[in-house]
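Notes for the structure review
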Amino acid sequence: MTAGLDPVKLMKQQVGKVAADRVQSGSIIGLGTGSTTAFAIQFIGDRLKSGELQNIKGIPTSFQASVLAKQHGIPLTTLDEVDLIDIAIDGADEVDPQKNLIKGGGAAHTREKIVDSLAKEFIVVVDKSKMVDTLGSTFPLPVEVLPMAIAPVTAALQNLGGTVDLRMGVKKDGPVITDQGNMVLDVKFDRIDDPVAFEQRVNNIPGVLENGLFVNVADIVLIGDIENDQPIVRNMDA
Ligand code: 5RP
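In this report, the structure presented in the accompanying data block is examined. (Residues numbered from 1 in each chain as written. Predicted model: local features only at pLDDT ≥ 70, side-chain atom pairs only at ≥ 80, totals over all residues. Heavy atoms only, no water.)

Our next topic: the sheet that holds strand E12 (residues 220–227). Read across the open sheet, the 6 strands follow the order E2-E1-E3-E6-E12-E13; overall the sheet is mixed. In this open sheet, the two strands that pair with only one neighbour each are strand E2 (57–60) and strand E13 (230–235). When the angles between neighbouring strand axes are averaged without regard to direction, this sheet yields 25°. As defined by bridge partners, strand E6 (residues 119–127) adjoins E12 across 5 bridges and the pair is classed as parallel. In the sheet register, Val 124 faces E12, and the bridge partner there is Val 221. Each of strand E3 (85–90), E6, E12 and E13 touches helix H1 (residues 7–20); the most contacted strand, E12, lies at about 140° to it. (Pairing = 2+ DSSP bridges. Helix = DSSP H or I, 4+ residues; strand = E, 2+ residues; numbered from the N terminus. Axes fitted to C-alpha atoms, helices over the stretch in contact; angles between N-to-C directions. Contact = heavy atoms within 4.5 Å.)

Laid out in structure tokens, this is it:
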């Protein structure tokens, strides 16, 4: 069945579908950012169009999520209008065995952390390549920084042992500019042993808006895999 098809895409598609199937009518949904969540948004829109889902509203975590939601007919709302978020669905760049995450591969981690943290149930959707024993082992930590503080924040992150790269645009000269008008430093550490303390430590550097460590935020991690040539989805806790 998977012959000739991109296995990573198939895993992302299937995990996005399984997450979308968990959304119930009447829910306020946090809509994450990235290629895996894009499938979830598409499937939520399909369920809405078929009448299987009714009376839902999305809170987007980025310009990308907002565009996709509109494209798939999902009405949007804001944190000024609602008291709570029932369910959030979002991707990740790394997931450790305690369900702690590194996010921010799409430079959206600041809004993602606000929305995902407020959700009663936060579901992470990943393919199996994102699973790690220790955070930081494969992916640099994204740090959103006010542009005027790039130099001192770079120095402070180097003092913490990081190798720092200013994230550059694709098909755009110069740095990536976030939805908030800031820049992103990608900081490679050998490993992040104490993510609870480290999240605070990085966020305490003046000029840092938010970093991509999501500690004790995820409730459920759904992992896409390929088994017997078929895409399957495992719940990390099952
Ligand atoms: C965006 C994110 C994404 O959720 C993360 O980068 C995973 O993306 P993808 O599903 O495309 O692999 O954190 O800021």
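Attention now moves to the nonpolar core. In this structure, Val 23, Leu 31, Ile 44, Ile 56 and Ile 74 are the most contacted members of the largest nonpolar core, which totals 25 residues. Put simply, the parts of the chain that give this core at least two residues each are H1, strand E1 (28–31), helix H2 (35–50), helix H3 (63–71), E3, E6 and E12. Non-local contacts of Val 23, meaning those with residues more than four positions away in its chain, are made with Ile 29, Ile 44, Arg 47, Leu 53, Ile 56, Ile 87 and Ile 89. Grouped together as the second largest cluster of nonpolar side chains are 22 residues, Val 132, Val 143, Phe 189 and Val 202 included. (Core = buried A, V, L, I, M, F, W, Y, C linked by side-chain atoms within 4.5 Å. Buried < 20%, exposed > 50% of the residue type's maximum accessible area, 1.4 Å probe, protein only.)

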